[in-house]
Amino acid sequence: MNPPSNALALSRLAIRGLIGLNALYAAAIGLLLVATLAYPKFLFDALIGLDGGEHWQVRATLRGVVVLGLAGAYAIHRVLRELQAIVETVRSGDPFIVGNAQRLQRIAWWVLAGEGLRVGVAGLVWSAAQFVPSINNIDVGFSFAPWLAVLLLFVLARVFDHGAHLRADLDGTV
């Protein structure tokens, strides 16, 4: 077995770093949500410059965006943990296993959930724009790339699963 490559070591380090950054993001956004609930004037003061920011619907909508942001942080956490587990199997020298096929499928579902959350944020921004027209300048955007990535992940998960079963069959005949 070959020793792990520098790229693999860097990947492990990058994933750990991203997990830490994501945790900081989730903590910051969680504190923002708590602050707006415990001290509503905080949110009102932030919105006062927006024409229409005084509407309760705008405040509720922006809190909804924060809640979806927390859910997105959790989805990212799950993707990074699954990816971390895959990298560990590569490090151990046996990545083509059924467990990795299942991990890839879970990653696909979490990425799909993240895209659903992004659509939810777009809907909330649109609803807030009914009261605050300047919010229309916020570009939530749509991209085919994440949806294609989800499709690719599902296909790759199936390929890994099929390959792992073929390998198990081959090991059983030798």
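Definitions and limits used
- Residues numbered from 1 in each chain as written.
- Predicted model: local features only at pLDDT ≥ 70, side-chain atom pairs only at ≥ 80, totals over all residues.
- Heavy atoms only, no water.
- Core = buried A, V, L, I, M, F, W, Y, C linked by side-chain atoms within 4.5 Å.
- Buried < 20%, exposed > 50% of the residue type's maximum accessible area, 1.4 Å probe, protein only.
- Helix = DSSP H or I, 4+ residues; strand = E, 2+ residues; numbered from the N terminus.
- Contact = heavy atoms within 4.5 Å.
- pLDDT = per-residue confidence, 0-100.
- Expected span 1.5 Å × (residues − 1).
- Polar contact = N/O pair within 3.5 Å; in protein donor to acceptor, adjacent residues only side chain to side chain.

S.K.: Explain the nonpolar core to me, using residue names and the numbers behind them.
M.R.: Among the nonpolar cores identified, the biggest contains nine residues, and these are Val79, Ile86, Ala101, Leu104, Ile107, Ala108, Leu153, Ala157 and Phe160. Among the elements of the structure, helix H3 (56-92), helix H4 (98-129) and helix H5 (144-173) are those that each provide at least two residues to this core. At four residues, H4 tops the list of elements feeding residues into this core. Sequence-distant contacts of Ala108, defined by excluding residues within four places in its chain, comprise Val150, Leu153 and Phe154. Listed in part, the five residues of the second largest apolar core include Leu8, Ile15, Ile19 and Val87.

S.K.: Can you lay out the confidence of the model for the protein for me, pointing to particular residues and giving the numbers?
M.R.: The predicted model of the protein averages 86 in pLDDT, with 85% of residues at 70 or higher. The lowest-confidence element of the protein is helix H2 (residues 40-47), averaging 66 in pLDDT; the highest-confidence one is helix H1 (residues 6-38), averaging 93.

S.K.: Let's hear about H5: which residues, and what values?
M.R.: Here H5 is 30 residues long and its end C-alpha atoms lie 44 Å apart, about the 44 Å a rise of 1.5 Å per residue gives. Of all the positions in H5, only Pro146, Val150, Leu153, Ala157, Phe160, Asp161 and Ala164 are classed as buried. The secondary structure elements touched by the buried residues of H5 are H4. With a side-chain oxygen positioned 3.2 Å from the backbone nitrogen of Ala145, the residue opening H5 is Ser143.

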